[in-house]
Amino acid sequence: MQVNMVGAINNALDIILRENDKAVLLGEDIGKDGGVFRVTDGLQAKYGENRVMDTPLAESAIIGTSIGMALMGMHPIPEIQFAGFMYLAYDQLVSHAARYRTRTRSAFQIPMTVRTPVSGGVKALEHHSESPEALYAHPGGLIVIEPSTPYDAKGLLIKACRTNDPVLFLEPTRLYRLFKQDIPEDAYEIPIGKANVVEEGSDLTIITYGTMVTVVKDAVAKKNVSAEILDLRTINPLDTEAILAAAKKTGKVMIVHEAEKSFGVGAEVAAMLAEKALYNLDAPIIRVAGPSMPYPFPGYEKYYTPNVAKVVQGIEKLLSQ
Amino acid sequence: MPIEEVYNCSVKRLQILDENGNLDEALFPEGLSGDSLVEMYKYMLLARAVDAKALSLQRQGRLATYAPLIGEEATHIGTAYAMRKQDIFIPAFRQHGVQIVRGLPLDLFFLYWRGFEDGAKLPASLNQTPVIVPVGTQLPHGAGIAFALKYLKKDAAAIVYIGDGGTSEGDFYEALNFAGVWKAPLVCIIENNQWAISVPRSAQTAAETLAQKAIAAGINCIQVDGNDVLAVYKATRDAIQNSKDGPMVIECVTYRMSMHTTSDDPEKYRPDAEVEKWEKKDPIDRIRKYLTKNGLWNDSLEQKTKDEQAKFIDQAVEKAEQFKPDPKTMFENVYGTITQTLEEELSDAMSANFWQESEDD
C-alpha cells in the first residue's frame, strides 16, 4: 500500500485494535474528529466509542488513567495532542510510567504506548513545534521512539504496542505528509533499540533521527560525499553497537538533530563515542542542532531549524579536518 | 425575567457510634455481626501495634523514613473491611491499616519501609497497587483502573485514597472528572487527617467540606466521622454497592495524632490543645467501649490479643531484617529486557567490586 506517515500510523493502530481487544485509544479529539492531524481517522467509527475515546481535556489524567488501565492488563494507546502540552503529564510519565516496573521489581508492568506529534517546520503556533525527546530519554524506564519514514512508523508502532513497557512514540509533524512509501499491508515489526543504516558511505558518518533524516540525505546528495547515515529510530535504549560501528567505519562523526543542541541526544551520543571510540576518530565530533533556546514562533522558525545549508556547512567543516 | 436557581447541593454527614460508644441503632450497618465487630476492633489494635513497632524501629535506625497512622485506624479498617476481595485498593502512602486487612504479608510492609523495592513486589492476589509517594498522583490511576474494571466487565470497584492536602492537587480534580464522565466504579476515600505536614486543613482550601469537591465533577459524596469505624464501614460498603452506577467520594474526618513522617516534629506547628481535643475522640477507645458494654470484649481478651499480635509482628520484623538486597535486581527490572547500556553499567559495577566496598562502609 502506498501511504504517507499518517496513513502508516493509522494502519498500524487499526491492526493493533483488531488483534488486541484490550488495546484502546484515548485522547483529545481523536474520535469523531480523527485527531487534529487525522491520524486516528475512521477508527472510532470502526471500533466504537469504548475503544477510541474522546477524553476530557487534561493531559495528566490522560496519561495517569492510561497507567491505571495498563496496571489492569490493558494496553492503552493515549494521544497527547502536541508534545508541547505533555509537560502536564511529565509527572505521570516519569514518576509512574517509568518507575512502576522497577518500583515493584516487575510485579507490575506498564504496557502503554503514548503517541504525540513533535518537532517543527510546519509554521505552527507557539508550543506546537518542540522536540523534547531528551527529556523523556534521560530519566530511564521509558522507551523513546521517533520514526523518520512511513515504513518505520508502522513497524515500530506495532512493535511498541506489543511491548510490555511504556513507550513514547514521537511523530514528527513535518513528516506526516511529506512523502509516501510502498509498505506491506499486513502487520510487521521493527525491533526497538536498533538503529538503521540509511545509506552506506566511507567519507564521514552522520548520526541522526526524525525530521533530520531527509535533511541529511539531501545535504549529502548536494555535497556529493560518501556518507554513512545512521537513523537511530529509537532514542532510548540507544543502539550503542550500531553507533560505534558506524563511527569507527569512517572516523569522522557528525550528529544532527532538530532539538536544542545543549544537553541533547547529540551530547549523549558524543559522550558515549568519547568514552568508547575516541582513538578511532580522526576529527572532533560535530553537532548540528537547533540553537540552545526555546523553539521560536513560526515567523522565526526558518532561522532556528537545521536545514540543508547548515548540514552542508557541518560536512565541509568535518571533512576539512 | 427572574433569576433562576440552576443547581443547588448539600453534603450529608454520617456518624453511627459517638465518642462515648453510644450507637445510633437505626443506622447500624445491616448484617454486621458481633464477630465482625470484634474482628474489626482487633484489626484496629493490630494497625496501632504495627505502627508503634515501625516508629520504634525507625528511631533505632532500623527503618528509613516512616509515615505513622496512629489516630486514623477507623478510617483504614472501616474502609478496608467494606471492600470485597475482588475490589482493587489503590493506596497513597499512609494506609497501612488497609493493607493489613487486605492481607499484605507484614514482612513486606517492614521491608518496604526499610527502603527496599522488594517490599513493593506485591502478590497479584492482593488486588492492590503499591505505595505511591507523590501526593495525589495515584488518583488518575484509580480512575483508569475503574475504567478497566468496567471495560473488562468485572464485578469490582477501585478504591483510591488521598489526604486532605492531596485534594488541592490537579490530579485529584482531573481524575474525578474522568471517572464522572466514564461513570466508572471508583470510590475515592479522602482521609482528611487535618494536616498536610505543617499546613492545617483551614489553610488548604476555602471549601466548607472536602467531600463537596466531588459535586463539581457530577459525583456523589458524603462526609463521615472518620474515627467511627461503623460509619466509615457503612459509607464505603454502600459506595461499593452503588459503584456500578458511577463513582463516589467519601470524606473521612479524622486526625493525624502523630507526625506527618518521622522527619518532622508536629510540636513546631500545631497546638497541644488541638491534639488533646482529638485524643478524646480516639477511634479505638469508642469501639472498645461499645464492645465491652455489650459483652463482646474484656480485659483478658485485650491482653491475649495484644500478646498474640506482638508475636506476629516480631516474626514479620525478623523476616524483613533477614532480607539481603541483590543490587543486580536494580538493573534487571528497569525494562522487560535489559538494555545494552544497563548491561554495561551492571557489568562495570560488578567487575569493580563496588558493591562489596559499599557494604563495608
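Residues numbered from 1 in each chain as written. Chains lettered and ligands numbered in written order. Predicted model: local features only at pLDDT ≥ 70, side-chain atom pairs only at ≥ 80, totals over all residues. Heavy atoms only, no water.

What the domain assignment lists for chain B is domain 1 (13-325) and domain 2 (329-360). Using only C-alpha atoms to locate each centre, domain 1 of chain B and domain 2 of chain B end up separated by 37 Å. (Domains from an automatic or database assignment.)

What follows concerns the sheet that holds strand S14 (residues 286-290) of chain A. Strands pair in a sheet through their backbones, by hydrogen bonds, and they do so in one of two ways: parallel or antiparallel. Residues and elements named next belong to chain A. Spatially, S9-S11-S10-S13-S14 is the arrangement adopted by the 5 strands of the open sheet, whose pairing is mixed. A single partner strand is all that each edge strand has here, and the edge strands are strand S9 (196-199) and S14. The average undirected angle you get between the axes of adjacent strands in this sheet is 25 degrees. Across 5 bridges, strand S13 (residues 253-260) lies against S14 in parallel orientation. Bridging from a neighbouring strand, Met-254 pairs with Ile-286 of S14. Those strands touched by helix H10 (residues 240-250) are strand S10 (204-208), strand S11 (227-231) and S13, and its axis lies near 170 degrees from that of S11. Strand contacts of helix H11 (residues 265-277): S10, S13 and S14, with the helix running at about 155 degrees to S13, the strand carrying the most contacts. (Pairing = 2+ DSSP bridges. Helix = DSSP H or I, 4+ residues; strand = E, 2+ residues; numbered from the N terminus. Axes fitted to C-alpha atoms, helices over the stretch in contact; angles between N-to-C directions. Contact = heavy atoms within 4.5 Å.)

This brings us to the pairing of S11 of chain A. All names here are of chain A. Within S11, 5 of the 5 residues are buried, which leaves the element mostly enclosed by the surrounding structure. The alternating pattern of S11 places Ala-227, Ile-229 and Asp-231 and Glu-228 and Leu-230 on opposite faces, both of which are buried. Where S9 meets S11, 3 bridges bridge the pair, whose relative direction is antiparallel. Residue pairing for S11: Asn-196 is matched across the bridge by Asp-231. (Buried < 20%, exposed > 50% of the residue type's maximum accessible area, 1.4 Å probe, protein only.)

Attention now goes to the confidence of the model for chain B. A low pLDDT score tells you not to read the predicted coordinates there in detail. When pLDDT is averaged across chain B, the result is 96; 98% of the residues are at 70 or more. The ipTM value of the predicted complex is 0.96, and its pTM value is 0.97. (pLDDT = per-residue confidence, 0-100.)

For the coordinates displayed, the defined rule picks out 0 disulfides over all chains. In this structure Cys-9 of chain B is a free cysteine whose sulfur lies 7.9 Å from that of Cys-221 of chain B, the closest cysteine sulfur available. (Disulfide = S-S within 2.5 Å.)

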